[in-house]
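# Coordinate inspection notes
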Amino acid sequence: MKIICVGRNFAEHAKELNNDIPDSPMFFMKPDSAILRKGFPFVIPSFTKEVHFETEVVIKIDRVGKMIQPQFADRYFSEIALGIDFTARDIQQELKEKRFPWEIAKAFDGSAFASEFFPKENFDLDNLNFKLDRNGENVQTGNTKDMIFHINTLIAECSKYFTLKKGDLIFTGTPAGVSKINSKDTLEGFLNDEKVFEIKVL
């Protein structure tokens, strides 16, 4: 199982970090050891002083595919979740300034969380609201209609480079509003106003 993530898929998020808006999907990856298991707290790593949450819709691939055409991409997944791409922003910024890869800022243990998965038929994937609350206050809100590259496009583009296999996860990008987390925070995620996860931060 691999975790494929999409950077800068919401224009306002790219702008808030002073990044260019991409002309094509920007992919990076996390190892399976990055998965934060449900029911476990997120522990802020000792090597960073600034971890940000990035709330994202996550899809789970359920059949093998390569060179998938966009019009057939919806055949390759049947469930979605809400997740968080935890990012060591201070480390990432240092790496970007040196023009180094980002892996240690993005792919560390526990840096990828996904809620329970739900049938995609339960949602309008072209107009899906999602949000994150921190300590009872809303901090991030997004809608899939604002994605630069839609889910089917992401699957098709990704499959040009990587063979997709059953169980692979695709984190589809985060909207504006990313921010630092602190010890003792409680993070709650919602799909269409229905709470789908709660994470304690240590």
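Per-chain numbering applies: the sequence of each chain, read as written, is numbered from 1 onward. Whole-chain, interface and lining totals are the exception, using all residues; otherwise, since this is a predicted model, local features are given only for residues with pLDDT of at least 70 and side-chain atom pairs are given and counted only at 80 or more. Water and hydrogen atoms play no part in the side-chain values, which are based on all heavy atoms of the structure.

### Some words on the overall build of the chain
The condition is simple: By definition, any uninterrupted DSSP run of H or I lasting at least four residues is a helix, any uninterrupted run of E lasting at least two residues is a strand, and each is numbered from the N terminus. Based on C-alpha atoms, the radius of gyration is set beside the globule rule, defined as 2.2 Å times the residue count to the power 0.38. Only protein chains enter the accessibility calculation, which uses a 1.4 Å probe; a residue whose area is less than 20% of its type maximum is buried, one above 50% is exposed, and one in between is partly exposed. Only heavy atoms enter the contact rule, under which two residues are in contact if any of them lie within 4.5 Å.
A count of helices and strands for the chain gives four helices and 14 strands. For 202 residues, the compact-globule estimate of 2.2 N^0.38 gives 17 Å, and the chain sits close to it at 16 Å. Taken across its 202 residues, the chain has 53% of its residues classed as buried. Put simply, of all contacts in the chain between residues at least 6 apart along the chain, 76% involve residues at least 24 apart.

### Description of the side chain of Glu56
Rules: Under the counting rule used here, the positive set is Lys and Arg, the negative set is Asp and Glu, and His together with the chain ends is not counted. Salt bridges are counted wherever a side-chain nitrogen of Lys or Arg sits within 4 Å of a carboxyl oxygen of Asp or Glu. In protein, a polar contact requires one atom able to donate a hydrogen and another able to accept it; more generally it is a pair of N or O atoms within 3.5 Å, and residues adjacent in sequence count only if both atoms are side-chain atoms.
Of note, Glu56 is situated in strand S4 (residues 55-61). The charged side chain of Glu56 is buried without a salt bridge, its nearest counter-charge being Lys106 at 5.6 Å. From its side chain, Glu56 meets the backbone nitrogen of Gly173 in a polar contact 2.9 Å long. Not counting the four nearest positions on each side in its chain, Glu56 is found in contact with Val6, Ala81, Leu82, Gly83, Asp85, Phe130, Phe171, Thr172, Gly173 and Thr174.

### Digging into the pattern of salt bridges
If you walk through the whole model with that rule in mind, you get eleven salt bridges. Between Lys160 and Glu157 there is a salt bridge; the shortest N-O distance is 2.8 Å. In this pair, Lys160 and Glu157 are both assigned in helix H4 (residues 151-161), three residues apart and thus about one turn of the helix distant. Its relative accessible area of 40% is what places Lys160 among the partly exposed residues. Judged by relative accessible area, Glu157 falls into the buried class, the value being 18%. Between Glu198 and Lys195 there is a salt bridge, with the nearest N and O atoms lying 2.6 Å from each other. Through salt bridges with shared partners, a single ionic network connects Lys30, Glu54, Asp85, Arg89 and Lys106.

### Thoughts on the side chain of Asn9
In this fold, Asn9 is placed in the loop between strand S1 (3-7) and helix H1 (11-16). Among the polar contacts listed, one links the side chain of Asn9 to the backbone nitrogen of Phe149, at a separation of 2.8 Å. The contact partners of Asn9, leaving out residues within four places of it in the chain, are Asp146, Met147, Ile148, Phe149, Leu154, Thr172 and Gly173.

### Observations concerning the sheet that holds strand S12 (residues 179-180)
Here is the rule: By the convention used here, strands pair only if DSSP detects at least 2 bridges between them.
Pairing in this open sheet of three strands is antiparallel, and the strands run S6-S3-S12 from one edge to the other. Of all the strands in the sheet, just strand S6 (87-88) and S12 have a single pairing partner and so form its edges. Two elements, strand S3 (residues 51-53) and S6, share two bridges in a ladder whose sense is antiparallel. Within S6, the position partnered with Val51 by the bridge is Ala88.

### Overview of helix H2 (residues 89-98)
Buried residues of H2: Arg89, Asp90, Ile91, Gln92 and Leu95, and no others. Positive backbone phi, approximately 60°, marks Arg99, located one or two places after H2.

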